[in-house]
Amino acid sequence: MSKLKRSMAVSILFVFALALFSGIFTIPMIKTVQANPGWVSQYSIPSSTLLRGIWGSSSTDVFAVGQTGTYPNFNGTIFHYDGATWTQMAIGTTMRLYGIWGSSSTDVFAVGDSGTILHYNGTAWSTMTSGTSNWLESIWGSSSTDIFVAGVETILHYNGNSWSRYNVSNINLQGIWGSSGNDVFAVGMSGTILHYNGTAWSTMASNYTGWIRSIWGSSSTDVFAVGDSGTILHYNGTDWSKMTSGITNNLRGIWGSSSTDVFAVGDTSILHYDGIGWSSMSFPLDNFYGIWGNSSANIFAVGASRILYYQTTDTFTVTYDANGGSNSPTDSNSPYNDGATVSVLGAGGMSRTGYTFSKWNTQADGSGTEYSPGTTFTISADTTLYAQWTINTY
């Protein structure tokens, strides 16, 4: 892909994003149309809505949580993605939501204001008794019977039957993650990092005094935490050290598919770590609060006005040109991923006075590669197929 094509694609996406943000037009679903890998807007969320957390059981079963409304009249909200569209769910609470995690598609938990914990059984959301009125910010579990929640002066644990509370005072926590049920990390204000070894929580030295807002790792010896002013910390199993992010914007979410494929999101920022260093990525402008994926090919980020999807392969379009006729067909499957098989369409309602359609060709004058309706080809570039006509004789 040439630098010119990449620049044009980014410019088009930027203008489109600004138009959506300013309210010039709104559509419920934005289809991926760029011709190179990268972040694209998948869904433009309703105005006065902000999404803070995201999790899924698969790429076709994804949940995003957050808030709607304006101060002081906030309400909680949850959106669900089925692989085709995002829809807003009925949740039965007005409390803002901040974090979400599940063990399966029928066992999902969301946490938020005033000790709110919701549970989804695959059919409906219901409220659980948390035993606290404190804000709950983040949730992670190793199984359906071993779940941890972090929040304002709060760490909760769920054993499959009820929630219990660990004694945490004067510490506000915003993120929690573990490699197992006896190796759990919680992060928050004033550079706080707590560690749970299966028996008790202890304080770790972070050598940082600002907010740490999110944490994720590929293993117990490869853990990343992000926070304010572009802060990224890394734990190697022994010590925490500061990494060079290259930015000063606040970072609010982190997730990776492996130790060499890690993404961090925040205020007008998306960064990628390749195992060597962090680099800034291009994306439709927004502030982002959460990120999740189930592989390097299926990654979602949520923010103040949109949900992004990370497209890892080139995509190419197929266009049908009536070539002197009218009503050329449109391929509803376009754009295609690089290497995909394209089935050539028929004429449909296309017509040309005095002529009969015969086939398609990659050149208008018929000097290119010809394709009959129903044949297939492997796509590797944007392709225009021109109708070839045979003059009628009477």
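Scroll up for the structure.
Residues numbered from 1 in each chain as written. Predicted model: local features only at pLDDT ≥ 70, side-chain atom pairs only at ≥ 80, totals over all residues. Heavy atoms only, no water.

A.B. asks: Please give an account of the packing of aromatic side chains that cites residues and values.
C.D. replies: Taken as a whole, this structure holds 37 aromatic pairs when the rule is applied. Arranged with centres 6.1 Å apart and planes meeting at 90 degrees, the rings of Phe63 and Trp125 form a pair that is edge-to-face. Pair noted here: Phe63 is in strand E3 (residues 61–68) and Trp125 is in strand E9 (residues 125–128), with a separation of 62 residues, a long-range link. Accessibility expressed as a relative area gives 9% for Trp125, which makes it buried. Aromatic pair Tyr120 and Trp125: ring centres 5.0 Å apart, planes at 35 degrees, arrangement tilted. (Phe/Tyr/Trp six-rings, centres within 6.5 Å; stacked < 30°, edge-to-face > 60°. Helix = DSSP H or I, 4+ residues; strand = E, 2+ residues; numbered from the N terminus. Buried < 20%, exposed > 50% of the residue type's maximum accessible area, 1.4 Å probe, protein only.)

A.B. asks: Outline the pairing of strand E24 (residues 269–273), listing residues and values.
C.D. replies: Most of E24 sits out of view: 5 of its 5 residues are buried. Both strand E23 (residues 261–266) and E24 contribute to a ladder of 5 bridges, which runs antiparallel. Within the sheet, the bridge partner assigned to Gly266 lies in E24 and is Ser269. Between the end of E23 and the start of E24, which pair antiparallel, lie 2 residues, with Thr268 showing a positive phi angle near 45 degrees. (Pairing = 2+ DSSP bridges.)

A.B. asks: I'd love a proper account of the pairing of strand E17 (residues 201–204), names of residues and values included.
C.D. replies: As judged from the 4 bridges shared by strand E16 (residues 193–196) and E17, these two strands associate in the antiparallel manner. Opposite Tyr196, over in E17, you have Trp201 as the bridge partner. Between E16 and E17, which pair antiparallel in sequence order, lie 4 residues; one of them, Gly198, sits at a positive phi of approximately 100 degrees.

A.B. asks: Mind laying out the sheet that holds strand E20 (residues 232–235), listing which residues take part and the relevant values?
C.D. replies: Reading across the sheet, the 4 strands line up as E18-E19-E20-E21 and stay open at both edges, with antiparallel pairing between neighbours. Sheet topology places strand E18 (212–219) and strand E21 (240–243) at the edges, where each strand pairs with a single neighbour. Each adjacent strand pair in this sheet contributes to an overall mean axis angle of 25 degrees, direction not counted. Note that E20 and E21 share 4 bridges and pair antiparallel. Bridge pairing in E21 links Ile232 to Met243. (Axes fitted to C-alpha atoms, helices over the stretch in contact; angles between N-to-C directions.)

A.B. asks: Explain the pattern of salt bridges to me, using residue names and the numbers behind them.
C.D. replies: One pass over the full model with this rule turns up 4 salt bridges. With its nearest N and O atoms 2.8 Å apart, the salt bridge here joins Asp113 to Arg96. Residue Asp113 is found in the loop between strand E7 (107–112) and strand E8 (117–120), and its partner Arg96 is found in the loop between strand E5 (86–88) and strand E6 (97–104); the two are separated by 17 residues along the sequence. When sorted by exposure, Asp113 lands in the same class as Arg96, which is buried. (Salt bridge = Lys/Arg side-chain N within 4 Å of Asp/Glu carboxyl O.)

A.B. asks: Provide a residue-level description of unusual backbone geometry, including the pertinent values.
C.D. replies: Here Tyr71 and Pro72 are connected by a cis peptide whose omega angle stands at 0 degrees. With an omega dihedral of 10 degrees, the bond running from Ser334 to Pro335 counts as a cis peptide bond. Mapped onto the secondary structure, Pro335 falls in the loop between strand E30 (318–321) and strand E31 (336–337). Although it is not a glycine, Asn207 adopts a positive phi angle of roughly 55 degrees. Within the secondary structure layout, Asn207 lies in the loop between E17 and E18. On the basis of relative accessibility, which here comes to 72%, the residue Asn207 falls in the exposed class. Positive phi values are uncommon outside glycine, yet Asn327 reaches one of about 60 degrees. Accessibility expressed as a relative area gives 56% for Asn327, which makes it exposed.

A.B. asks: How would you explain the environment of Thr132 if you had to name every residue and give the values?
C.D. replies: Positionally, Thr132 belongs in the loop between E9 and strand E10 (136–143). Here the side chain of Thr132 touches Asn134 through a polar contact of 3.1 Å, landing on its backbone nitrogen. (Polar contact = N/O pair within 3.5 Å; in protein donor to acceptor, adjacent residues only side chain to side chain.)

A.B. asks: Kindly report on the environment of Leu308, identifying the contributing residues and their values.
C.D. replies: Considering the arrangement of structural elements, one finds Leu308 in strand E28 (residues 306–311). A residue is classified by how much of its surface remains accessible, and Leu308, at 0% relative accessible area, is buried.

A.B. asks: Mind laying out the sheet that holds E10, listing which residues take part and the relevant values?
C.D. replies: Sheet architecture is open: 4 strands sit in the order E10-E11-E12-E13, paired in antiparallel fashion. Across the chains shown, the open sheet's two edge strands, defined by having one partner strand only, are E10 and strand E13 (163–166). Sheet twist, expressed as the average angle between the axes of neighbouring strands with direction ignored, equals 25 degrees.

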